[in-house]
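Given next are the chains, with one letter for each unit.
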2 protein chains.
Amino acid sequence: MSEWINVAVDAMGGDNAPAEVVKGAVEAVMESRKIKVFLVGREDAVKAEFAKYTVPEGQIEVVPASEVIETAEPPVAAIRAKKDSSIVKGMKLVKEGSCDAFVSAGSTGAVLVGGQVLVGRIKGVERPPLAPVIPTVNGVALLIDCGANVDARPSHLVQFAKMGSIYMEHIMGVKQPRVGIVNIGAEEEKGNALVKETFPLLKECRDLNFIGSVEARDIPLGAADVIVCEAFVGNVILKMYEGVGGALIQEVKKGMMSTLRSKIGALLVKPALKETLKAFDLEQYGGAPLLGLHGLVVKTHGSSRSVEIKNSILQCIAFKEQKINDKIREQIVPKEEA
Amino acid sequence: MSEWINVAVDAMGGDNAPAEVVKGAVEAVMESRKIKVFLVGREDAVKAEFAKYTVPEGQIEVVPASEVIETAEPPVAAIRAKKDSSIVKGMKLVKEGSCDAFVSAGSTGAVLVGGQVLVGRIKGVERPPLAPVIPTVNGVALLIDCGANVDARPSHLVQFAKMGSIYMEHIMGVKQPRVGIVNIGAEEEKGNALVKETFPLLKECRDLNFIGSVEARDIPLGAADVIVCEAFVGNVILKMYEGVGGALIQEVKKGMMSTLRSKIGALLVKPALKETLKAFDLEQYGGAPLLGLHGLVVKTHGSSRSVEIKNSILQCIAFKEQKINDKIREQIVPKEEA
């Protein structure tokens, strides 16, 4: 049994739980024989969904949890009060070593707090960043941190850069990933106090391929592989992707429907356009890892459908096989302590 | 002569100076008899361009300035050293009261520094914000501050909200503009230290229609009329508009050219699409005002063509006629000092 990669999944998290979560878990074990999924949630509801599928013996197990943490609940209080919730129980499976990873489409706040409090940080990691993969015109980039640690300090950003670099190299297969810091100009002397302090520290890191400042304008154009920023800024970047993308696609559709001529054109253009725009849909990329913890925690969109749940679960294979946490430990922990 | 609205224009600023700047100035005076333009720059170069046009007597004057501040120059040093530059001379015309406004497509840094140092702040205004108008699916919004004052304090953001509200109401004609603060969640307790401190201060402002937090995702959807944020965040928002917009349009074009069927469709769709996407082109909206100064300073894109220069110049009419600076003075200066 210990040869499995064990993934706990929050069966109650997200807008489409438990149906889409269970479906995603089933799809994941059908795709990989390496994975065992622990569906954590209300036993009757989860089992009712699970009964719809036939899966290989022993690859999915239901772990009962009677409570659910809602998105609107204050995270710290919810984590403390709801000991029998799917998030708390799922994270404890990782903490105690029964599982290697935990995947949730539930409350972002509860996942972030739980990751720190219940799963716990790797020794030496000051703050665990949330790091989604975002699309660019020529592939993808890692945005680190996109919402876990507002008002971060320079030393945090340096750790984000290192963890992000390891992730992009060993999970996404980018050799010597280009690390850039989000700035409001290209020059070293530009920026706010945080960026000005962080810039020289990143320059000193011999183990990083630091390429300097990246302006937000150039992120979608693929200017860097690892986009380092403070969480508030990262959250704004992520949400502008969604917002501008959504608004523009809405306008494109409106434009196409505005005349008879354009309506005919739209019919012809549609299939090709759909294919291209899919690459720019953030939800295609599975969940965002919360890095620097004992084990892996993956946060997927609240609106996740089965494909995103499946991709988030499968992500855990490479994370375990590539020994990402050992690599983080080696690079993050100061040499004298190691 | 004093009945004119006098606008100094940096004839040497931007990638297309002096040709497009002079053209824009000519177009502005052809459109409005209220305006007199002072083209500040190298006399021979400006006059050579100007000679191409016939304009009403006395509406354009050339003011010689032998130096040019380049975009790459450190702003503070450049403002000090180049006393005979178009930016320094143009701003001094505003300072001494000969002109009501100054428009430049030149170095952003020099315009921001010059605005504070040469033109000077209205008494009581702590920091002058740069506030571009940005497109939304149902109109426009004002982004304040988008790059003038990094690491701002809560009191600055409150002033930005007030100045932005006055601008949107009296220049853009939006009744009781909805003021939102950029945040990483909708709830009052969310955010970084700056936002958490600013939120209750904005709530207390009876003269503002404060609607609370706005997530970046909802900005392009028109969630607020005045988008209040610190300059680093504002800069990221503005540049994500350009970056995601540019990347998506590039992908849409690529998608349309990918099959024969879609190529035919593209021909039919193109005219209608061009019209819709124009509304999402930031350069359509003229320059960004730097608010809170004695007089008006407008910064337009470095890549400005004549239409943007013209719109930036014409913006100065409403600014003067609506007595925006008197309104700012009334609302910003604490009652006991007034």
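Residues numbered from 1 in each chain as written. Chains lettered and ligands numbered in written order. Predicted model: local features only at pLDDT ≥ 70, side-chain atom pairs only at ≥ 80, totals over all residues. Heavy atoms only, no water.

Notes on the relation of the copies chain B and chain A
Then step 1. Mapping chain B onto chain A leaves a residual RMSD of 0.0 Å; the transformation is a rotation of 180° accompanied by 0.0 Å of translation along its axis. Both chain copies can therefore be described as sitting about a two-fold axis. Looking at the rotation axis and the C-alpha trace of chain B, the residue lying nearest is Gly265(B), at 1.9 Å.
Then step 2. Mapped onto chain A, 100% of the interface residues of chain B are again interface residues, and the two copies thus contact each other with one and the same surface. (Least-squares fit on C-alpha atoms with pLDDT ≥ 70 in both. Contact = heavy atoms within 4.5 Å.)

Concerning the packing of aromatic side chains
Residues and elements named next belong to chain A.
Then step 1. Enumeration according to the criterion identifies two aromatic pairs over all chains in this entry.
Then step 2. Measuring from centroid to centroid gives 5.2 Å for Phe199 and Phe210, while their planes differ by 75°, and the two rings are edge-to-face. Of this pair, Phe199 sits in helix 7 (residues 193-204) while Phe210 is found in strand 8 (residues 209-215), placing the two residues 11 residues apart along the sequence.
Then step 3. With relative accessibility at 17%, the residue Phe210 sits in the buried group. (Phe/Tyr/Trp six-rings, centres within 6.5 Å; stacked < 30°, edge-to-face > 60°. Helix = DSSP H or I, 4+ residues; strand = E, 2+ residues; numbered from the N terminus. Buried < 20%, exposed > 50% of the residue type's maximum accessible area, 1.4 Å probe, protein only.)

Considerations on the packing of helix 8 (residues 231-256) of chain A against helix 9 (residues 260-278) of chain A
Residue and element names in this part refer to chain A.
Then step 1. At a minimum axis distance of 9 Å, the contact between helix 8 and helix 9 shows a crossing angle of 155°. Our classification of the angle between helix 8 and helix 9 gives roughly antiparallel. Residues Ile249, Gly255 and Met256 of helix 8 lie in contact with helix 9, whose contacting residues are Ser262, Lys263, Ala266, Val269, Leu273 and Leu277.
Then step 2. Its residues placed into classes, the contact of helix 8 with helix 9 shows six nonpolar, two polar and one charged. (Axes fitted to C-alpha atoms, helices over the stretch in contact; angles between N-to-C directions. Parallel < 35°, antiparallel > 145°, perpendicular 65-115°, else oblique. Nonpolar A, V, L, I, M, F, W, Y, C, P; charged D, E, K, R; others polar.)

With respect to helix 6 (residues 154-170) of chain A
Each α-helix winds once per 3.6 residues, and so residues spaced three or four apart point in a common direction.
Then step 1. A rise of 1.5 Å per residue sets the reference length of helix 6 of chain A, with its 17 residues, at 24 Å; its end C-alpha atoms lie 25 Å apart and thus fit the reference within 8%.
Then step 2. In terms of burial, helix 6 of chain A is largely enclosed, as 14 of its 17 residues are buried. (Expected span 1.5 Å × (residues − 1).)

Some details on the environment of Glu31(B)
Residue and element names in this part refer to chain B.
Then step 1. On the secondary structure map, Glu31 appears in helix 1 (residues 19-31).
Then step 2. A C-alpha to C-alpha distance of 8.6 Å links Glu31 and Leu314, two positions 283 residues apart in sequence.
Then step 3. Setting aside residues up to four positions removed in sequence, Glu31 forms contacts with Lys310 and Leu314.
Then step 4. A polar side-chain atom of Glu31 sits 3.0 Å from a polar atom in the side chain of Lys310. (Polar contact = N/O pair within 3.5 Å; in protein donor to acceptor, adjacent residues only side chain to side chain.)

A word on the interface of chain B and chain A
Then step 1. On the chain A side, the residues contacting the 51 residues of chain B number 51 residues.
Then step 2. Together chain B and chain A conceal approximately 4,700 Å² of surface at their shared face, both sides included; 76% is due to carbon and sulfur atoms.
Then step 3. Interface area lost by chain B to chain A is led by Ile184(B), Phe232(B) and Met240(B), which between them contribute 14%.
Then step 4. At the junction of chain B and chain A, the tally comes to four salt bridges.
Then step 5. In this structure, Glu215(B) engages Lys239(A) in a salt bridge whose closest nitrogen and oxygen atoms are separated by 2.3 Å.
Then step 6. Taken together, the connections running from chain B to chain A amount to 10 residue pairs in polar contact (both at pLDDT 80 or more).
Then step 7. Contributing elements (two or more residues each) for the side of chain B that touches chain A: strand 7 (178-183), helix 7 (193-204), helix 8 (231-256) and helix 9 (260-278) of chain B.
Then step 8. A per-element tally of the side of chain B that touches chain A places helix 8 of chain B first, with 20 residues.
Then step 9. Residues that form the side of chain B that touches chain A fall into these classes: 30 nonpolar, 13 polar and eight charged. (Buried area = accessible area lost by both parts, 1.4 Å probe. Salt bridge = Lys/Arg side-chain N within 4 Å of Asp/Glu carboxyl O.)

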